[in-house]
Amino acid sequence: PNIPIDNLLQTEAAPLDCEIKETIFSMRPLKSPGPDGLHPIFFQSQWETVGASVCKVVKEAFMDPINIHAINETLLLLLPKLDGATSLKQFRPISLCNVIYKVITKVITNRLRLVMPTLIGQHQCSFIYGGQSADNIIIAQKVFHSKKTKTGKKGLMAIKVDLETAYDKLRWEFIIDTLKDIAIERLSHLINARVEAGRWKPVALSRHGPPISHLFFADDLILFGEASMDQMGEMSDCMNAFCKASGEKVSVEKTRLLVSKNVHPARAHELSSASGFHLTADFGKYLGVPILHSRQKVSTYEFLVEKVLKRLSSWKAKNLSFAGRVTLTRSVLAALPTYIMQTTLLPKGICNKIEQLMRNFIWGARDNQRNWHTIAWDDICRPKNQDGLGIKNVHLYNKSLIMKLAWNLLTNPSALWVQVLKSKYKCGDDLTPVVTSKAACSHIWRGVVSVWKDMLQGIQWSIANGTFTTKSAYDYMSHFVSNQSNSGTDVGWPIVQPAHCAIHTLKHSFTYFVIVLSFNQYGSSFISTTPRTTKTWMFKNQQVFDGKQFQTQHVINQVRALAADIQRIGHEAPHMGQQCHTVEVGWKPPVTGWIKCNSDGVLVTLKNKAACGGIIRDNSGGWITGLAWDKGFRMVTLESDSMTAMSLVVKGCPPTHPCYSIVALINCLKMRDWQVSINHIYRQANQVANWLAGYAINLPMGTHYLSNPPPGCINLLWQDIVGLHFRRSVTL
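Throughout what follows, the structure given in this document is the object of discussion. (Residues numbered from 1 in each chain as written. Predicted model: local features only at pLDDT ≥ 70, side-chain atom pairs only at ≥ 80, totals over all residues. Heavy atoms only, no water.)

A few words on the overall build of the chain. Tallying secondary structure elements over the chain gives 27 helices and 18 strands in all. The burial tally for the chain puts 36% of its 732 residues in the buried class. Split by element, the accessible area of the chain, about 42700 Å² in all, is 56% carbon and sulfur. (Helix = DSSP H or I, 4+ residues; strand = E, 2+ residues; numbered from the N terminus. Buried < 20%, exposed > 50% of the residue type's maximum accessible area, 1.4 Å probe, protein only. Areas by Shrake-Rupley, 256 points an atom, 1.4 Å probe, with all protein chains shown as cover.)

Under the counting rule described, the total for this entry stands at twelve salt bridges. We note a salt bridge from arginine 683 to aspartate 600, for which the minimum N-O separation is 3.9 Å. Here aspartate 600 lies in strand β13 (residues 595-604) and arginine 683 lies in the loop between β17 (675-680) and α26 (687-696), a separation of 83 residues in the sequence. Note on arginine 683: relative accessible area 40%, which makes it partly exposed. A relative accessible area of 10% means that aspartate 600 is categorised as buried. Among the charged side chains, a network of salt bridges with common partners joins Arg194, Arg199 and Glu234. (Salt bridge = Lys/Arg side-chain N within 4 Å of Asp/Glu carboxyl O.)

So, on to the sheet that holds strand β14 (residues 609-617). Pairing is mixed in the open sheet, where five strands are placed in the order β15-β14-β13-β16-β17. Since the sheet does not close on itself, it has two edges, and those belong to β15 (623-624) and β17, each with one partner. For β13 and β14, the ladder comprises nine bridges, and the chain directions are antiparallel. Each residue of the ladder has a partner; that of lysine 596, found in β14, is arginine 617. (Pairing = 2+ DSSP bridges.)

Here the focus is the packing of aromatic side chains. Applying the stated criterion to the full structure yields eight aromatic pairs. Judged by centre distance (5.2 Å) and plane angle (80°), the rings of phenylalanine 42 and phenylalanine 43 are edge-to-face. The class for phenylalanine 42 is partly exposed, based on a relative accessible area of 33%. Overall, the relative accessible area of 6% leaves phenylalanine 43 in the buried class. Aromatic ring contacts, followed pair by pair, group Phe144, Phe224 and Phe283 into a single cluster. The ring of phenylalanine 25 has lysine 21 sitting right over it, with the charged end atom 5.7 Å from the ring centre. (Phe/Tyr/Trp six-rings, centres within 6.5 Å; stacked < 30°, edge-to-face > 60°. Lys NZ or Arg CZ within 6 Å of the ring centre and 35° of its normal.)

A separate point is empty space enclosed by the protein. Per the counting criterion, the structure on display carries three cavities of 30 Å³ or more. As for the largest cavity, its lining consists of Val143, Phe144, Lys147, Leu156, Met157, Ala158, Phe224 and Leu258. Per-class residue counts for the lining of the largest cavity are seven nonpolar, no polar and one charged. (1 Å grid on protein atoms, 1.4 Å probe; cavity = no way out; pocket = protein on both sides within 12 Å on 5 of 7 lines; lining within 4 Å. Points joined across faces, edges and corners; volume = space filled by probe spheres on them. Nonpolar A, V, L, I, M, F, W, Y, C, P; charged D, E, K, R; others polar.)

This next bit is on the packing of helix α4 (residues 47-63) against helix α5 (residues 99-112). Running from amino to carboxyl end, α4 crosses α5 at an angle of 60°, the nearest separation of the two axes being 10 Å. In this view, α4 runs oblique relative to α5, as classed from their interaxial angle. The two elements α4 and α5 cross, and the hand of that crossing is right-handed. Residues Val54, Val57, Val58, Ala61 and Phe62 of α4 pack against Ile100, Val103, Ile104, Val107, Ile108 and Arg111 of α5. Residue classes in the contact of α4 with α5 are distributed as ten nonpolar, no polar and one charged. (Axes fitted to C-alpha atoms, helices over the stretch in contact; angles between N-to-C directions. Parallel < 35°, antiparallel > 145°, perpendicular 65-115°, else oblique. Left-handed = near helix turned anticlockwise from the far one by under 90°. Contact = heavy atoms within 4.5 Å.)

Turning to the nonpolar core, a few remarks are in order. Phe224 and Trp417 are the most contacted members of the largest nonpolar core, which totals 76 residues. Counting residues per element, this core draws most heavily on helix α17 (residues 394-411), which supplies ten residues. Sequence-distant contacts of tryptophan 417, defined by excluding residues within four places in its chain, comprise Asp135, Ile138, Ile139, Leu405, Asn408 and Leu409. In this structure, Met232, Met235, Ala268 and Leu271 belong to the second largest nonpolar core, which totals 24 residues. (Core = buried A, V, L, I, M, F, W, Y, C linked by side-chain atoms within 4.5 Å.)

On the surface, a cluster of positive charge is contributed by Arg28, Lys31, Lys106 and Arg113. Summarising the element assignment, arginine 113 is placed in the loop between α5 and α6 (116-119). (Patch = residues over 30% accessible without salt bridge, like charges linked within 9 Å, V, L, I, M, F, W, Y side chains within 5 Å. Lys, Arg positive; Asp, Glu negative; His and termini not counted. Charge placed at Lys NZ, Arg CZ, Asp CG, Glu CD.)

Of the residues making up helix α13 (residues 322-331), those classed as buried are Arg325, Val326 and Thr329. Seen along its axis, α13 keeps its buried residues to an arc of 100°; they face one direction. Where α13 is buried, its residues meet α15 (348-362). (Arc of directions from axis to C-beta.)

Looking at the secondary structure, you find histidine 214 in strand β4 (residues 214-217). Histidine 214 gets classed as buried once you look at its relative accessible area, which sits at 0%. Among the polar contacts listed, one links the side chain of histidine 214 to the side chain of serine 188, at a separation of 2.9 Å. Side chain to side chain, histidine 214 and serine 213 meet in a polar contact 2.8 Å long. Among all residues touching histidine 214, those that are not within four sequence positions of it are His123, Ser188, Ile191, Asn192, Ile222, Leu223 and Phe224. (Polar contact = N/O pair within 3.5 Å; in protein donor to acceptor, adjacent residues only side chain to side chain.)

Further remarks concern the pairing of strand β16 (residues 635-640). With five bridges joining them, β13 and β16 adopt parallel strand pairing. Opposite cysteine 597, over in β16, you have leucine 638 as the bridge partner. The sheet contact formed by β16 and β17 spans six bridges and is parallel. Across the sheet, leucine 638 pairs through a bridge with isoleucine 678, a residue of β17.

Here leucine 88 shows up in the loop between β1 (74-80) and β2 (91-97). Separated by ten residues in sequence, leucine 88 and leucine 78 have C-alpha atoms that sit 8.5 Å apart.

Attention shifts here to α4. Taking 1.5 Å as the rise per residue, α4 with 17 residues should run 24 Å; its terminal C-alpha atoms sit 23 Å apart, in good agreement. For α4, the elements touching its buried residues are α2 (17-25), α3 (40-45) and α5. (Expected span 1.5 Å × (residues − 1).)

What follows is about unusual backbone geometry. With a phi close to 55°, leucine 287 is a non-glycine residue in the positive phi region. Residue position: leucine 287 is located in the loop between β8 (285-286) and β9 (289-290). What makes leucine 287 buried here is its relative accessible area of 15%. One non-glycine residue, lysine 426, lies in positive phi territory at about 50°. The residue lysine 426 is located in the loop between α18 (416-424) and α19 (443-458) in this model.

Structure, rendered in structure tokens:
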């Protein structure tokens, strides 16, 4: 593939000052320093002083790369891959570079992100921003699951290729030639060309699904094809052509061949003899995750328990304080199985064993001698803000990671693994896939199905850019479990109430007690308090508009009966008969130097429309067009007559609330460098915002900025400017 000329020019251009600054400030402040001993936090905190010099050095490196040796001194740290390492092959090198050198490489990396999707295919999940090894693991698990259930005459074969680590064997002309490409991706291009030509017959997991011919993650290779001698010849020719051009070499001793169960043993041995690859029934692990060729067993994941136990054996619990043991448990032990749990729903037995080791370590148990556990494990697993220690429940954390797969299945339809699963299990082409359990489905699909209902119940339409995080999923699920355990009954996930129902509920609660002055037609006038809507007004409207006639005494009796009911309620439920007093309510201008923003919303159920309106005014009541931050205002008062909305913003909003994302966005805006005061007001002091919200219902969808007040709200504006107040009865 060719890189567009515009992207090439952008990649080669000298970096801008803002680009360099953004790169420096994107680094973690306390990253390990290089030979100069300086952390990124030094450059971030002293940018006003050193910024110009840093930008100059970086630009000079781009203009004259020969002088890069002045800043690319690097400390090399060797970490052993295993205990008792004796040779260099058993160490993992870690490079500690100077910050300036990191800036140069990061600028180049950020620019390459624009062109890498052009060069890298879907079957290679490395080298692309956002690509994860989990993508290939899911596809590999699905392919091997199909191998187990494969029937028919045509069998499948998979080759796990092991390339010898022999960098000194690479041809320098090949390295120079492939600097414009990724070397291993050349092999992917060769395979794709043969697939398109019909020479290489890939694996098809479903009739309309994408074909799978290979999976690459850096130099971890798995090749898939039809189990026949012709296809083995195609695979061998392709690998030989790549090795001849690059100087790479396939390790025949370590490369393994696996065939589906419908391949005759004689054919399998024939394929093994022709290729020289050893025949196997189990590939073991792929990218660190066990490939499941049969039913899921606890013994398959015992290595995770041993891994945690091995880490514990290197620590001396008796020499650590309780706080130290909790910190190590939360930051190290709980993180060890995370990688596996991203793609696998572990058996509960494994989760329980890991939690048992964590509990014993926290309470200082040693040598199979149990100590007293003075606090329940469920209480320890609560968040810190709920008087817990913040240690995650392993099983719930596992489900939250699987829920992230379910979220990606919903939001990332272009990913190869999503296409494979959706086509295999016939999820449909709708925005929300149809996810149901199948009789013979893979372990990954069972995991997705187990959390799909929970994820759908947690989805909320968001005005902001909604994002999914594993933490939010865990908080959501742990909140459900805590509610269930505290209630003592089966409590489902919180049901999101439709907006129109919530509006009607609020409307009825506000209008439950209304002061009514009856019409004095027969010399009897009275003031009574009636619920929701008055019988008097109802009778009057039916008489005027419907032509109905009512006996006067009947109307009076109905109204008096309602008044008597309310009086009885006041005696039987004293809390309902709270005392009230009258106050003067009106809009008050902000103090000098501040501005005031009033807002309100409206819902028209019949039109199925909702809108909001807001107005910004200064201390003279003058109309201000635009957004407060963009206008340079840094002292703002926010007012609304919605007690519910104000309470969510001021007191906090739980993650399960349907308005959580909007409140979180508001809180982010509050964290900017300005002073913000948030107050609740009564409806009579918010009339202009209320009128604007109703006015917005009839406008086209979108955001509209009004440079001048609409004629309909001029009188309301003047009422606020002159300080007109209204009487309102409020509860003491």
